[in-house]
Amino acid sequence: MSGISRRAEAAEAVTVRNVSQDYGTSRVLNGVDFALPTGQVMALLGPSGCGKTTLLRLVAGLLAPSIGSVGIAGNLVADASTGFFLPPEKRGLGMVFQDYALWPHMTIGENVAFPLEMRGIGRSERETRVEAALQRVGLGGFGARRPSDLSGGQQQRVAIARAIVAEPGLVLFDEPLSNLDRELREQLVGEIGELVATLGLTALYVTHDQAEAFSLADSVAVMRGGHIVQADSPEQLVAQPATPDVAEFLKLGTVVEVEAHGDGWWLPGAVEALLPRSLGPAGTDDAVLLLTRSALRPVASGEGQLQAVVRRSQFRGDHHLLTLVLPRAGEIELSLTSDRRAQPGERLGLALVPEALRWFARSRPVPVRLSEPAL
Amino acid sequence: MKAGAATGRISGTGPLFWAVTGLLLLLVAFPLAFIILQAIFPEIGHASLARPFSGMVAALGDWKLLGMARNTVALGIMVMAGAALLAIPLGVFRVLFRLPLGRFWDLCFLVPFMIPPYIATLGWIMTLQPRGYLQQLTGINGAGFLFSIPGVAFVMVLSTFPVVYFAVSRTLEAVGQRYGDVARVFGASPLRAFWRITLPLATPGLAASLLLVFAMAIEEYGTPAALGRRAGFDVLVTGVDNRISDWPIDLSGAAVLSLLLVGLSLIAFFTQLRILSRRNYETTGGKPQAIERRPLGLWTVPVLLFFAFAAFIACAVPLLAILATALQRTLSGGLAFGNFGLQNFTEIWSQGSDGLTALMSSLSLGVSTALITGLLGALASYFVVRGTGRGRVLLDALSVLPNALPGVVVAVGLILAWNQPWLPVSPYNTPFILLIAYCCILLPFPVRYANAAFRQIGTSLESAARVAGAGPVVTLRRILGPLVAPSMVSAMLLVFAVASRELVASILVAPVGMTTVATFIWRQFEQGSVGLGMAMAFTAILITTALPLIVLIAMRRTRMVL
Amino acid sequence: MLKKSLLSTLVIAGSLVSVAAHADITIYTAGPAGLIKKLTDGFTADTGIKTDVFQSTTGKVMARIEAEAANPVVDVLISASWDTANDFTQRGLLLPYTSPNAAKVPDFLKSETAVAQGISALGIVWNTKSGTPKPADWADLTRPEYKDLVNIPDPAQSGSSFELTASLVAKDGWDLFKKLNDNGAIIAGANADALNPVLQGAKAAVFGAVDYIAMGSQAKGESIEVIFPASGTVIAPRPMMIFKSSQHQDEARKFIDYVLSEKGQKEVAATYLMPARTDIPADRPLISDLKILPVDAGSIYPKRDETLATFAKTFGK
């Protein structure tokens, strides 16, 4: 290990360079590259099986990469090309697990004190810091209890306290809220957000929940099939999804494949064009179109560019979510929000907002866009 | 491969892994290798490889072999069936119904496991033979039954059924009544729900325990030797014993028969593994849940009588027979008031007596064996359950192989292996050879317990410690160790109880000048001092049962034992 | 927990080492446990030579010697069967030695390489409370009074039982054994397995039990009696031998001398064995009091397997 090869950009809390990971014969990560600047939170977002937890375990040192290198705080911690590997206990991390992973034979206090003990911190200082950490998560005075005496939410708070008590340079969250019910989840997202902000934590946060990712992270890396498909700020992701897949996963609207015939864009099997040709990209006959919710505005029947029939209407507290079909333009379902309830079978006109349409090239592999997160 | 090498480094316990593997190779593979060599080369004991396979041909050509093999399998099956018939109803009533004195019955069914089988057999002989205790008390003579093949199976069922009882209770507790209740919602009667749902769910655990009973039955020496011989019922173990204790000695014949026995045990063992790995509802069910126990109602009294009967024949009869024999001044005096006295006990407890020395040797051997196998078993199991890489398979095989090695095989293998003149140092003819023999024979107990315990601990508990800054050894010591400790304590107590009265291997490998409890008892019987032997047996049973029980009751974990 | 158990293991292992004290000579014996303890204690007290003893049945002692053949441990062997001495002599494993104390041992109880420690005989052991008439000869046990009440030690498991069987067959044929079988006598394992049921009264008599064990039990108060049949029985001299491989031959010789000394022979007599020396008194019938059946080792041992097979067939095993 020469000093030079070990160095990475010091401003980066985490750098993952061209990392691939094999389990037996199957490749679960394929050429992943990203960097997380100090002081920021990055969410790894994706459906189960996309490799996001594997990626987190690579950073934690619970796995060694098959290919590529990982750096933490400017120091190389794993490099498959040289076989260098720094075990997890030498990486100075905090981590929160999906199943809390509190040690059942220790009290809450002993659990939280463990990272301090491993760092050789004396008893009296340990006690103050443990109590402070427990107070931060709203569990002051719980130190003498057993993990089994606590509810799921409380247990996860203890796990969070354990992760931050030693003030690690990097905290890893592995789907920390997926075992909790929705109400508790929303509450804890808020609390974690607050903690992250007040402590100025650098964190990697694995989740399959878009709302969690959006509300906590400075940048979100969307993962599919062992790749990072797009890494951007939440706003940028919504405004500029890199691929139809990302758009679909983020539920930004309806994704359809369209073909250009004459002066219109058509859905397959339609009797009427969906959109005028001029709204789409020039120089191609086919494309993938994302109809975001804000791209369609309900108007009275007979008005607007498109005519739709309401299939169902669901009240969502502050709006109604309508599911529509376009009888003449092709058998696709669209959803859009409306401030009034509609009856199934009711006819509606739709006005197009061209700026809110997103076009993607079709049938060709879309070049993966790996933008650095916004600073 | 790079990935493999890197993963090895994550565990960071390489030296420990190789140390454990090395120890197991020494404990298990080394003596077994010499058994195989002996089977092939009859002159290996004279450090010569002459006449390979001649002994094997002779032994396999013996027409009696087929009969012995058939008898062995038949006995195993009979004992298995008997244990199932007795233990399954007991287990079902214990777990699914509100049974009075539940914990007491658990304790009762622990006791048969603590009585050495050869002693229990002698107790039964003293009770049932003509003019035995039963005839002296009631006029009934049960000799016709006892000295028959069903008699052999009966006595062996009584010493092995607790394995099934505790397995059934544990599995049913894990499976619980839930699924059966679902069936009742869909219209099944309680009995039907039990037959169609609850029992099938408990089957893998049950089948595994029955196969364990099968393995125990085909390896047992004392009972078939004492009862079966008279019924002309020779099994492989008695065949091995005949070859090494009857003049002329035929070690290679014994080795061949041993390997046959090992083969049978291996079949039973792998069948058990297959059943457990395919569908084990016990582990997927996770932690035992609170079970809604049904009231027994009108059935309370008959069921209690059934439990009392089982406890009486399995536990009280042998113990009382042992005690009665120990307390009689002369056997020919019979159960007469004037014939009772404590002189056999005073003889054992008198200062500097051989009995006392034997007791101390056995207890310290028992404790050492328990500690070593506990530690080694836990580590081996850790690497097998949590490890990666190829070395793990070897370790797995080594740690379960002794399951298939009868004591007599281990003993002969140890002598052959450790008495080679080229060895620079050897534990042979020191007490360590006994320690090695016991560790080899009993290692599977802690391994089995540790495997179950490690599988129950989520991997994230370990990951959490590593991320929090603990190295692999600290993680093992601070996190995993304490979590598996309760299971390991149970396993070690069991090892202690069995090791402190092991007979078959002790007789053969005990170093010169050293007597253990079992060899002391056996020698007394050989010399006609049955009462003294039984007094020692009773003392040993009392100590080796009471000690673990006190610890277990303190830990409230009696049911973990088997 | 790891540390603690490691520590205690070491402590206990250490205490085990101390159990295995170093000794000068190693004796393997199939003899009575009490006797060898008294002999070795007296020997060590007289000479300062320490001994280690492995005591078991002849079969198990032999198995151990066989298994150890590559690296023998044994210095002195005391067996219960003269046949083993012959076998080891033929294989050239024994050290020739004639003890000065063997002068009073009759010639038929010693050879170049072996000398008797003491002699046991086989007899009928009879339970006096069994309600059966006292037997006087082997054939008495075929009478209806003893129906189902006779145990016979297995000649396959005991050298002296085999010699008795072979000698009786050589004299009178298989008739006696056929009648015994018809009368419900059973083969009951080794000596102890045959004797113990007689003590409790399950059986009335043992056909050919080792006498000194039964005499010891009788002395303890058991209501049994040892009867030496009028038509004759066999004796089993218990040979002592020194192995050529011994590293302590001088000490081994001294041990043989001690056993054959007056003191040693009195200990032998005290366990109800007949002493090998004719000048030592014993509180039991001696060879001169017994009628001894002729045992032609040269003719019965070659036919051992055949005899045992016929015996097993006779008793339907």
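Before any of the text, the structure's been laid out above.
Throughout this description, residue numbers start from 1 for each chain and increase along the sequence as written. Both sets of labels track the order of writing: A upward for chains, 1 upward for ligands. Only residues with pLDDT of at least 70 get local features here, since the model is predicted, and only at 80 or more are side-chain atom pairs given and counted; chain-wide, interface and lining totals rely on the full set of residues. With hydrogens and water set aside, each side-chain value is computed from the structure's full complement of heavy atoms.

What should I look at first to understand the overall build of chain B in this one?
Numbered from the N terminus, helices here are DSSP runs of H or I no shorter than four residues, and strands are runs of E no shorter than two. What chain B contains, in helices and strands, is 27 helices and zero strands. Burial statistics for chain B: of 562 residues in total, 62% are counted as buried. Nonlocal contacts in chain B, meaning residues at least 24 apart in sequence, comprise 77% of its contacts between residues at least 6 apart. Accessible areas in this description were obtained via Shrake-Rupley with a 1.4 Å probe; residue shielding takes into account the shown protein chains only. Put simply, chain B shows about 21,100 Å² of open surface, and 70% of that area lies on carbon and sulfur atoms. Each residue's exposure class comes from its accessible area (1.4 Å probe, protein chains only) as a fraction of the maximum for that residue type: buried when under 20%, exposed when over 50%, partly exposed otherwise. When checking whether two residues touch, look at their non-hydrogen atoms; a contact exists if any pair is within 4.5 Å.

Sorry, what's going on with the interface of chain B and chain C here?
Interfaces are often sized by the accessible area lost when the parts come together. Facing 62 residues of chain B, the contacting portion of chain C comprises 63 residues. Carbon and sulfur atoms make up 59% of the area that chain B and chain C hide from each other, which totals about 5,700 Å². A pairing counts as a salt bridge when a side-chain nitrogen of Lys or Arg comes within 4 Å of a carboxyl oxygen of Asp or Glu. Summed over the shared surface of chain B and chain C, the number is zero salt bridges. Here a polar contact is taken to be a pair of N or O atoms separated by no more than 3.5 Å, where protein atoms must pair a possible hydrogen donor with a possible acceptor and residues adjacent in sequence count only if both atoms sit in side chains. If you look at where chain B meets chain C, you find nine residue pairs in polar contact (both at pLDDT 80 or more). Per element, the largest residue contribution to the side of chain B that touches chain C is eight residues, and it comes from helix H18 (residues 354-386) of chain B. For this scheme, ten residues count as nonpolar: Ala, Val, Leu, Ile, Met, Phe, Trp, Tyr, Cys and Pro. Four count as charged, namely Asp, Glu, Lys and Arg, and the remainder, Gly too, count as polar. Of the residues assigned to the side of chain B that touches chain C, the class counts are 34 nonpolar, 19 polar and nine charged. The buried area of a pairing is the accessible area, by a 1.4 Å probe, that goes missing from both parts when the two are put together, added over both.

What's the story with the interface of chain A and chain B in this structure? I'm lost.
Contact residues are listed per partner, giving 31 residues for chain A and 22 residues for chain B. With both chains or domains summed, chain A and chain B bury close to 2,200 Å², and 67% of this area falls on carbon and sulfur atoms. Looking only at chain A, the three residues that lose the most surface to chain B are Glu89(A), Trp103(A) and His105(A), adding up to 25% of its buried area. The tally of links between chain A and chain B comes to two salt bridges. For Glu117(A), the salt bridge is made with Arg478(B), and the minimal N-O distance between the two is 2.6 Å. There are six residue pairs in polar contact (both at pLDDT 80 or more) connecting chain A and chain B. Within the residue set of the side of chain A that touches chain B, elements represented by two or more residues are helix H2 (52-60), strand E7 (93-96) and helix H3 (108-118) of chain A.

I'm lost on the side chain of Ser66(A) in this one. Help?
Residue and element names in this part refer to chain A. Along the chain, the position of Ser66 falls in the loop between H2 and strand E4 (67-72). The exposure class assigned to Ser66 is buried, which follows from its relative accessible area of 13%. A distance of 2.9 Å separates a polar atom in the side chain of Ser66 from the backbone nitrogen of Asp22.

Where do I start with the packing of helix H6 (residues 117-128) of chain B against helix H16 (residues 300-327) of chain B in this structure?
A packed helix pair is summarised by two numbers, namely the angle formed by the two axes and the spacing between the axes. All names here are of chain B. Taken N-terminus to C-terminus, the directions of H6 and H16 make an angle of 75 degrees; their axes are 8 Å apart at the nearest point. Between H6 and H16, the interaxial angle falls into the category roughly perpendicular. Facing Ile119, Ala120, Gly123, Trp124, Met126 and Thr127 of H6, the residues of H16 in contact are Ile313, Val317, Pro318, Ala321, Ile322 and Thr325. Tallied by class, the residues present in the contact of H6 with H16 amount to nine nonpolar, three polar and no charged. Under this scheme, a helix contributes an axis fitted over its contacting stretch, all axes are lines through C-alpha atoms, and angles between N-to-C directions fall in the 0 to 180 degree range. Angles below 35 degrees are treated as roughly parallel, those above 145 as roughly antiparallel, those between 65 and 115 as roughly perpendicular, and all remaining angles as oblique.

Explain the sheet that holds strand E20 (residues 347-352) of chain A here, please?
Across a sheet, strands are paired by hydrogen bonds formed along the backbone, either parallel or antiparallel in direction. Residues and elements named next belong to chain A. The pairing criterion is simple: DSSP has to find at least two bridges between the two strands. With respect to topology, five strands assemble into an open sheet ordered E16-E20-E17-E18-E19, the strand pairing being antiparallel. Taken across any chain shown, the strands that pair with only one partner, and hence form the sheet edges, are strand E16 (296-299) and strand E19 (330-338). Ignoring strand direction, the axes of neighbouring strands in this sheet form an average angle of 45 degrees. Of the pairings in the sheet, the one linking strand E17 (residues 306-315) to strand E18 (residues 320-326) comprises six bridges and is antiparallel in character.

Got a minute to help me understand helix H2 (residues 33-47) of chain C in this structure?
With 15 residues, H2(C) should reach 21 Å at 1.5 Å per residue; the first-to-last C-alpha distance of 21 Å fits that figure. Positive backbone phi, approximately 80 degrees, marks Gly48(C), located one or two places after H2(C). Every helix has an expected span of 1.5 Å times one less than the residues it contains.

Please clarify how the arrangement of the chains should be interpreted in this entry.
Most contacts, among the two pairs of chains that meet, fall between chains B and C. Note that chain A does not reach chain C: the shortest distance linking a C-alpha of one to a C-alpha of the other is 14 Å.

What is the right way to look at the packing of aromatic side chains in this model?
Each aromatic ring pair is specified by the distance between its two centres and by the angle formed by the two planes. Pairing of aromatic side chains here covers Phe, Tyr and the six-membered ring of Trp, requires ring centres within 6.5 Å, and sorts the geometry by plane angle: under 30 degrees stacked, over 60 edge-to-face, intermediate tilted. Scanning the entire structure with this criterion turns up 30 aromatic pairs over all chains. For the pair Phe177(C) and Phe311(C), a centre-to-centre distance of 5.8 Å together with 70 degrees between the ring planes defines the contact as edge-to-face. Of this pair, Phe177(C) sits in helix H6 (residues 175-182) while Phe311(C) is found in helix H12 (residues 304-314), placing the two residues 134 residues apart along the sequence. Accessibility expressed as a relative area gives 1% for Phe177(C), which makes it buried. According to the relative accessible area criterion, Phe311(C) is buried, its value standing at 3%. The rings of Phe104(B), Trp105(B), Phe109(B), Phe161(B), Tyr165(B), Phe166(B), Phe306(B) and Phe307(B) are connected pair by pair, giving a single aromatic cluster. Each ring is checked for a lysine NZ or an arginine CZ that lies within 6 Å of its centre and within 35 degrees of its normal; such an atom marks a charge sitting over the ring. Sitting above the plane of the Trp265(A) ring, Arg277(A) keeps its charged end 5.6 Å from the centroid.

Spatial relationships are all this shows, so hold off on functional conclusions.
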